[in-house]
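Topology and contacts: notes
Each chain, written out:
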Amino acid sequence: MSSLDPTGPDVPIARLRARPERRLWRSLEELARGTAPAGPEFPPGASAPPEPSRRDFLQLLGASAALAGLAGCVREPPEKILPYTRRPEDVAPGNPLHYATAYALDGIATGLLVTSYEGRPTKIEGNPDHPSSRGAAGVFEQALLLSLYDPARARAIRYRGAGRSWRAFLEYAAEAVDLHRKDGGAGLCFLGEPDASPLMADLHERVLRALPAARFFSYAPLAEDAAYEGARLAFGRPLQTRVDFSRARVVVSLDADFLGGGPDRLRAAREFASRRVPESELSRLYVVESALSLTGAMADHRVRMRSSEVVQFALGLALELSPQLQGGPHTQLTATRPLHVMARDLLANQGRSVVVAGARQPPLVHALAHAINAALGNADRTVAYAAPTLPDMAAGPAALAPLVADMRSGRVETLVITAPNPAYTAPADLDFGSALGKVPHAIYHGLYEDETAAQCAWFVPATHSLESWGDARAWDGTVSIVQPLIAPLFAGVTHAELWAAFVGEGDRGAHALVQDYWRRQPGRPDFDAFWEEALHDGVVRGSATRTESVTPRWADIAAAAAAAAAKPTSGGGIELNFLPDSKVYDGRFANNAWLQELPDPITKITWDNALLLSPTTAGRLGVESADLVEVTLRGRSLAAPVFVLPGHADDVASIALGYGRTGLNEELAQGVGANAYLVRPSDAPWFAPGASVRKIGRRARFAITQDHFTMEGRPLALVATPRELRQHPERIEEQRAALPTLYDPVPYPSYRWAMSIDLSRCIGCSACVVACQAENNIPVVGKERVARGREMHWLRIDRYFSGPSALDPEVVFQPVACQHCENAPCEYVCPVNATAHSDEGLNEMVYNRCVGTRYCSNNCPYKVRRFNFFDYVGQRTQPERMLQNPEVSIRSRGVMEKCTYCVQRIERARIDARVAGRTIREGEIQTACQQTCPTRAIVFGSLHDERAEVARLHADERRYDLLHELGTRPRTAYLVRLRNPNPELS
């Protein structure tokens, strides 16, 4: 806070411009010009003021001179402007640089490559050398950019609401450590999220050496505790399970959404997609789950059931496949026909199959999956085991209970919180917020002044991951050095600096801390060379942990299985499911407008969450989509709108976590959706029976980007089996054959840009949508505008339900952007030639010509053109404007926008090729959607190059054109999605 006199000579310039005399001066000048705005003196409709007389003009001139002299007495604060006289090495204005770094979500890192223009990050891609990303980036990683420039981020250290300096906090931390030395630190506790950082592990040990009685707790609302406990049950110790989907011909998922969630989702998606194309032996996917997930949408066979019933299904499957478990009292379980078919398919593919269990399932399901994989000989082939990457495995909601008990009893004097917003995410029955009020000295470190910050004495703003030095480990243990792309915008502090304050080194800086740690490690004779290589590559070579050979404890698994089989079924009522959200995760991204406006992959809802019900359950309850209902579980209630979803299990209600925020400064997140944490129990954090749903009598309004579920009989997103393709090739041929046309053929002398999208690979994750938004400066418009059909995304992903059953439909995703038609219907209706065809086949938009008639949008059969109804860009704050890609035009209101095939990337490659005296090479250009796609479903290139991948795919037997019968001849080709159903279940 400034201590300057508000009337003195050192008044800040922002306040100077708001002084009354300055406002008066402006009003006098406006009056003299006759441009004074309508106000109380000149209400709307009043005539303009008369021309001032000579006497009036001289009076105004005298007043202006007097005020000018008054203002001249005020000394403006000095501003230091340094000329760019010495250009930094390798920096050329206008040419971007790329830096390797990493981002850790729930403690597990994903490798990134960040594009920077003169020190301003503008785009995030995956690091091809990193084992987790392999060149891809998900929606969370890409949306980090918007969070970096979020003006709602915390900007100052505060103590009980008053501003403080970092030096003042360091002095406080030193005093606190001195006080806690008396009892060895028994009253000092740290609460953080799971973290695999080697530097943080070292600081953890150093704090304990200084204060041996200090305690550390880990908490993450989406922690995978059950997976580690399942390994402990199966093998006697916690282990990490690593699955290689590229080697599996048969995959059985027991409520495991490995394509849509988890720290290793990008690698899993790449490996799984590699087995869904004819070039490899087509794999088969079985999914058992309650709520339709991305993995369930890709299944060849999906069995919907209550989450609590999955354990019985896993028991039955284990009994058929594991001879070591047979003969116990649990052998009387009744198996279903899909279970028998799955078992036979797994037996036929021993050593080439895998069974995976989801984080939402109890430890027994994970142990049974380990037992099945061992019995089938899958260990060390499709599945491997290693020591856990995360040092603290117990981090779920139940891990908070001991800390909360100590907080209530007064045994915690100082609590240092670095876990994201536990006052909001903690289960309701723990009442973490009220317990926090009993801690005399609570310190919270976060990006925002949120629900937790409001209840802590000290608040320390955190640096963004793109502003921080540090290190992190990937899922396989590979270390990355986290380096900043920009200096902290809002005076934040890193996690490492905060903890280092309790060992007397908080003023050293994160760069010195991480360098010193790695300098102390053995085997670094030339540290400088090691450091430069680690920063350049984004990985520390050879740092991955090794896998181990393990043997199941069959007796322990059998005993646990027998106890589960003898346990009575859960109570009645509706089973309430708690799901990670595909956009805001656990709530930490709730203030990110890109993610809030991103349609949910399954429901297509934006800016909201909903209570998901099956059509059967909704009919029994007498509710329909958008009805507001009251959900009650164990005496706690919340109100939420209903969304009726085909494919959802009966007698189950599912709701996503992360909404219903009430934080102080997170204005975008406030009031969006329903807070499911209010009814989430700590002993059943993923699903709990006994819920009731009551209709309130009011309705909500969803902002949904796709209201229709089916393709209405049109050949839009085509699905077939390999056998159907062989037996009926004419069905695909008629969707790409040449049609009569009145257009003259157009020559393309140099390049013929085109794209192909393989529906077999597309998993609907929406990474391409966010990549397009970041690359092309696409604005968000808000819930109201989306509800009116005015969303601005240039690329959308349509989701269709198909098949004979409305209760168990098949799902297919189809990305749709501008098709760049050869015979484009938009071009010949534009009265000003704003949309035109280039000599390389691009359908171009000339923004300066566009007058906003929207004829082109009305004539586009693909509905991919977006109209700028408002000046969305002009509403951005200064930090948000730093995000904009300088190579893409910023559009004002009143013009049409659409996909350009990332023409700016084409032109940059063309310039580089001309300078080198050559043509553009195959693969030299990657569109933003292509580059980020985890499954490589999108390919771009020139059809003139017969060796190009896009040319090969355009000639593929699966290739077809969207709305081919219209004769538009699109340059984007689609490849039929292949399914591999089991003939016994078809």
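Report follows, based on the coordinates. (Residues numbered from 1 in each chain as written. Predicted model: local features only at pLDDT ≥ 70, side-chain atom pairs only at ≥ 80, totals over all residues. Heavy atoms only, no water.)

The next subject is the sheet that holds strand E11 (residues 301–304). Strand order in the open sheet formed by 4 strands is E11-E10-E9-E12, and the pairing between neighbours is parallel. The open sheet is flanked by E11 and strand E12 (353–357), the only strands paired with a single partner. Between one strand axis and the next, the sheet turns through 10° on average, direction left out of account. Pairing analysis gives 5 bridges linking strand E9 (residues 250–254) to E12, with the strands arranged parallel. What sits directly across from Val251, in E12, is Val354. Relative to the sheet, helix H11 (residues 310–321) contacts E9 and strand E10 (284–289), its axis offset from that of E9 by approximately 145°. Sitting on the sheet, helix H12 (residues 337–348) is in contact with E9, E10, E11 and E12, with an inclination near 145° to E10. (Pairing = 2+ DSSP bridges. Helix = DSSP H or I, 4+ residues; strand = E, 2+ residues; numbered from the N terminus. Axes fitted to C-alpha atoms, helices over the stretch in contact; angles between N-to-C directions. Contact = heavy atoms within 4.5 Å.)

A few words now on the sheet that holds strand E38 (residues 972–975). Read across the open sheet, the 4 strands follow the order E36-E29-E38-E37; overall the sheet is mixed. Among the strands making up the open sheet, the edge pair consists of strand E36 (938–942) and strand E37 (959–960). In terms of strand pairing, strand E29 (residues 753–758) meets E36 through 5 bridges, oriented antiparallel. The partner of Ser756 across the bridge, within E36, is Val939.

In this section: unusual backbone geometry. At Arg854, a residue that is not glycine, the phi angle is positive and equals roughly 65°. Looking at the secondary structure, you find Arg854 in the loop between strand E33 (843–845) and helix H27 (855–859). The phi dihedral of Cys902 is positive, around 50°, even though this residue is not glycine. Tracing the backbone shows Cys902 in the loop between strand E35 (896–897) and helix H29 (903–916). For Cys902, a relative accessible area of 8% gives the class buried. (Buried < 20%, exposed > 50% of the residue type's maximum accessible area, 1.4 Å probe, protein only.)

In the structure shown here, the tally under the stated rule is 9 cavities of 30 Å³ or more. Estimated volume of the second largest cavity: approximately 980 Å³. Considering the residues around the second largest cavity, the lining is formed by 43 residues, among which Tyr103, Ala104, Glu193, Thr463 and Ser465 are closest to the centre. Every element with two or more residues in the lining of the second largest cavity is listed here: strand E1 (97–105), helix H5 (144–148), helix H7 (198–210), helix H15 (422–425), strand E15 (441–446), strand E17 (470–473) and helix H17 (495–500). (1 Å grid on protein atoms, 1.4 Å probe; cavity = no way out; pocket = protein on both sides within 12 Å on 5 of 7 lines; lining within 4 Å. Points joined across faces, edges and corners; volume = space filled by probe spheres on them.)

This part is about the pairing of strand E14 (residues 414–417). Burial along E14 is two-sided: the face carrying Thr414 and Val416 and the face carrying Leu415 and Ile417 are both buried. Note that strand E6 (residues 188–192) and E14 share 4 bridges and pair parallel. When the bridges of E14 are listed, Phe190 appears paired with Val416. As paired elements, E14 and E15 share 4 bridges and run parallel to each other. In the strand pairing of E15, Leu415 is matched with Ala442.

In the contact formed by H11 and H12, the axes pass within 10 Å of each other and the chain directions differ by 45°. In terms of orientation, H11 and H12 fall into the oblique class. Taken as a pair, H11 and H12 cross one another with a handedness that is right-handed. Residues Phe313, Gly316, Leu317, Glu320 and Leu321 of H11 form the contact with H12, whose participating residues are Leu339, His340, Met342, Ala343, Leu346 and Leu347. Of the residues contributing to the contact of H11 with H12, the split by class is 8 nonpolar, 2 polar and 1 charged. (Parallel < 35°, antiparallel > 145°, perpendicular 65-115°, else oblique. Left-handed = near helix turned anticlockwise from the far one by under 90°. Nonpolar A, V, L, I, M, F, W, Y, C, P; charged D, E, K, R; others polar.)

All right, on to the pattern of salt bridges then. Taken as a whole and judged by the stated rule, the model has 62 salt bridges. Across the pair Arg979 and Glu810 runs a salt bridge whose closest N-O atoms are separated by 3.4 Å. Within this pair, whereas Arg979 is found in the segment after strand E39 (977–978), its partner Glu810 is found in strand E31 (residues 810–816), the two being separated by 169 residues in sequence. With relative accessibility at 29%, the residue Glu810 sits in the partly exposed group. Salt bridges sharing common partners tie together Asp106, Glu193, Asp586 and Arg588. (Salt bridge = Lys/Arg side-chain N within 4 Å of Asp/Glu carboxyl O.)

To continue, consider the packing of aromatic side chains. Applying the stated rule across the entire model yields 28 aromatic pairs. Seen from their ring centres, Tyr159 and Trp458 are 4.8 Å apart, and the 45° between their planes marks the pair as tilted. You can see Tyr159 sitting in strand E4 (residues 157–159) and its partner Trp458 sitting in strand E16 (residues 458–461), a full 299 residues away along the chain. Note on Tyr159: relative accessible area 25%, which makes it partly exposed. (Phe/Tyr/Trp six-rings, centres within 6.5 Å; stacked < 30°, edge-to-face > 60°.)

Along the polypeptide, Arg306 turns up in the loop between E11 and H11. Within the structure, the side chain of Arg306 is placed 3.2 Å from the backbone oxygen of Asp651, a separation counted as a polar contact. (Polar contact = N/O pair within 3.5 Å; in protein donor to acceptor, adjacent residues only side chain to side chain.)

We now examine helix H14 (residues 401–409). Looking at H14, one finds that the buried residues are Leu403, Val404, Asp406 and Met407. One side of H14 carries all its buried residues, which in axial view fall inside an arc of 160°. Buried residues along H14 sit against E6, strand E7 (215–218), E14 and helix H16 (432–436). Where H14 terminates, the next one or two residues include Gly410, which has phi positive at roughly 85°. (Arc of directions from axis to C-beta.)

Counting residues in each nonpolar core, the largest one holds 137 residues, and the members touching the most others are Leu576, Leu611, Ile655 and Trp753. In this structure, Trp753 is in contact with Glu840, Leu842, Tyr901, Ile906, Ile920, Ile925, Phe940, Gly941, Ser942 and Arg971, ignoring residues within four places of it in sequence. Listed in part, the 59 residues of the second largest apolar core include Leu239, Ala248, Ala256 and Met342. (Core = buried A, V, L, I, M, F, W, Y, C linked by side-chain atoms within 4.5 Å.)

Helix-helix packing is described using two parameters, namely the angle between the two axes and the distance between the axes. Where helix H8 (residues 225–235) contacts helix H13 (residues 363–375), the two axes come as close as 7 Å, and the packing angle between them is 55°. Of the possible angle classes, the one that applies to H8 and H13 is oblique. Seen along the crossing, H8 lies across H13 with a hand that is right-handed. Contacts between H8 and H13 involve Ala226, Ala227, Glu229, Gly230, Ala231, Leu233, Ala234 and Phe235 from the first element and Pro363, Leu364, His366, Ala367 and His370 from the second. Within the contact of H8 with H13, the residues separate by chemical class into 9 nonpolar, 3 polar and 1 charged.

Moving on to the environment of Ala955. In this fold, Ala955 is placed in the loop between helix H31 (949–954) and E37. Counting along the chain gives 18 residues from Ala955 to Ala973, while the straight-line C-alpha distance between them is 9.7 Å.

Here His495 is to be found in helix H17. When the C-alpha positions of His495 and Pro461 are compared, they lie 10.0 Å apart, and in sequence the two are 34 residues distant. What His495 contacts, discounting residues up to four positions off in sequence, is Asp195, Met200, Thr418 and His445. Separated by 3.4 Å, the side chains of His495 and Thr418 make a polar contact.

Two residues of an α-helix separated by three or four positions point the same way, owing to the 3.6 residues in each turn. Three or more residues of H8 are buried, namely Asp225, Ala226, Tyr228, Gly230, Ala231, Ala234 and Phe235. Those residues of H8 hidden inside the fold are in contact with H13, strand E13 (383–386) and helix H20 (554–566). Looking at the residues trailing H8, positive phi occurs at Gly236, about 90°.

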